[in-house]
Amino acid sequence: MPSSHRKFVTSKQIKTGLTAVRFSDEALTLAHKIMKRYPEGKQKSALLPLLHIAQTEFDGWLSPQVMDYVAMLLKIQPIEVYEVASFYSMFNLKPVGKCVIEVCRTGPCWLMGAEDLVKFIEKKLGIKEGETTPDGMFTLKTVECLASCGTAPMMQIGETYHENLTLEKTEKILDNYKNKGEVVTHWRKERVTNHSDIKQ
Ligand code: FES
């Protein structure tokens, strides 16, 4: 477990703001910029972007202490953060690999072979859905409709949609990610360090 996730946030720390978990200066600046978009008392509206920042900052997943920290920033109850983070499939509540594969399993993709696709990936990587490969490279998830039904079956890796998949095509895509060996996230780190795309 990364050291940044190790200590739990106590209620006293939440009240005083002195938590063991903290955003980088750049991420904190961006978080405050986003929170300022909303009137006082309505900062909860910034929850989704703050969770994206948190996930980018802390190795691609949200531990309870990270979610507590986000709650503290927004001045809301931790349970309000847990509810949202556990609802959306793009948030990971346990450690993930460098590359998170999200295969759509909803109707149109299912009809076009998503089930076979998942079985193929499971066999290729030697893991089951929800698991991470022992080398920490891949995590396999199944998710609901990603709004690309016309190009089913499809999967999302980071911010990239891979569409009209066949087993052969999927194998090449995964080999390509493995050869690159890079961390692929939903929310690019540059958005934290260079947030010119976040307009006031
Ligand atoms: S059903 Fe797979 S993208 Fe819509």
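For the structure itself, consult the block above.
Residues numbered from 1 in each chain as written. Predicted model: local features only at pLDDT ≥ 70, side-chain atom pairs only at ≥ 80, totals over all residues.

### Considerations on the overall build of the protein
Check the secondary structure of the protein and you find 9 helices and 4 strands. Ordered by position in the sequence, the α and β elements of the protein form the string α-α-α-α-α-β-α-α-β-β-β-α-α. Split into buried and exposed, the 200 residues of the protein put 30% on the buried side. Within the protein, residue pairs in contact and separated by at least 24 positions form 62% of the contacts whose partners lie at least 6 positions apart. (Helix = DSSP H or I, 4+ residues; strand = E, 2+ residues; numbered from the N terminus. Buried ≥ 20, exposed ≤ 12 C-beta atoms within 10 Å, placed from the backbone. Contact = placed C-beta atoms within 7 Å.)

### What to know about unusual backbone geometry
Of note, the bond from Ala152 into Pro153 is cis; its omega dihedral lies within 30 degrees of zero at -5°. Along the polypeptide, Pro153 turns up in the loop between strand 2 (138-143) and strand 3 (155-157). Residue Asp59 is not a glycine yet carries a positive backbone phi of 60°. Secondary-structure assignment places Asp59 in the loop between helix 3 (47-57) and helix 4 (64-74). At Asn164, a position not held by glycine, the phi torsion is positive, near 45°. Asn164 sits in the exposed class, given 12 other C-beta atoms within 10 Å.

### Concerning the environment of Val118
Secondary-structure assignment places Val118 in helix 7 (residues 114-125). For Val118 and Arg105, which are 13 residues apart along the polypeptide, the C-alpha to C-alpha distance reads 8.8 Å. Residue contacts for Val118: discarding those within four places in its chain leaves Val103, Glu129 and Thr142.

### Some words on the pairing of strand 1 (residues 99-104)
Here strand 1 lies mainly inside the structure; 6 of its 6 residues are buried. Residues Cys99, Ile101 and Val103 point to one face of strand 1 and Val100, Glu102 and Cys104 to the other, with burial holding for every one of them. Note that strand 1 and strand 2 share 6 bridges and pair parallel. Bridged to Val100 within strand 2 is Thr139. Judged from the 3 bridges that link them, strand 1 and strand 3 form a sheet pairing that is antiparallel. By the bridge assignment, Glu102 is partnered in strand 3 with Gln156. (Pairing = 2+ DSSP bridges.)

### Side note on the sheet that holds strand 4 (residues 160-162)
Hydrogen bonds along the backbone pair up the strands of a sheet, which may run parallel or antiparallel. Taking strand neighbours across the sheet as the criterion, the 4 strands line up as 2-1-3-4 in an open arrangement whose pairing is mixed. Each end of this open sheet is capped by a strand with a single partner; those strands are strand 2 and strand 4. The sheet shows a mean angle of 25° between the axes of neighbouring strands, taken without regard to direction. Against the sheet, helix 7 touches strand 1 and strand 2, its axis set at about 155° to strand 1. (Axes fitted to C-alpha atoms, helices over the stretch in contact; angles between N-to-C directions.)

### Describing the nonpolar core
Taken as a class, soluble globular proteins show a tendency for nonpolar side chains to be buried jointly. Ala31, Leu50, Ala54, Val66 and Val70 are the most contacted members of the largest nonpolar core, which has 25 residues in total. Those elements giving two or more residues to this core turn out to be helix 2 (25-35), helix 3, helix 4 and helix 5 (78-87). Here this core gets 8 residues from one element, more than from any other, and that element is helix 4. With 18 residues, the next largest nonpolar core counts Cys104, Phe138, Ala152 and Leu165 among its residues. (Core = buried A, V, L, I, M, F, W, Y, C linked by C-beta atoms within 7 Å.)

### Notes on the packing of helix 2 against helix 3
At a minimum axis distance of 10 Å, the contact between helix 2 and helix 3 shows a crossing angle of 175°. In terms of orientation, helix 2 lies roughly antiparallel with respect to helix 3. Between helix 2 and helix 3, the residues in contact are Ala27, Leu30, Ala31 and Ile34 and Pro49, Leu50, Ile53 and Glu57, respectively. (Parallel < 35°, antiparallel > 145°, perpendicular 65-115°, else oblique.)

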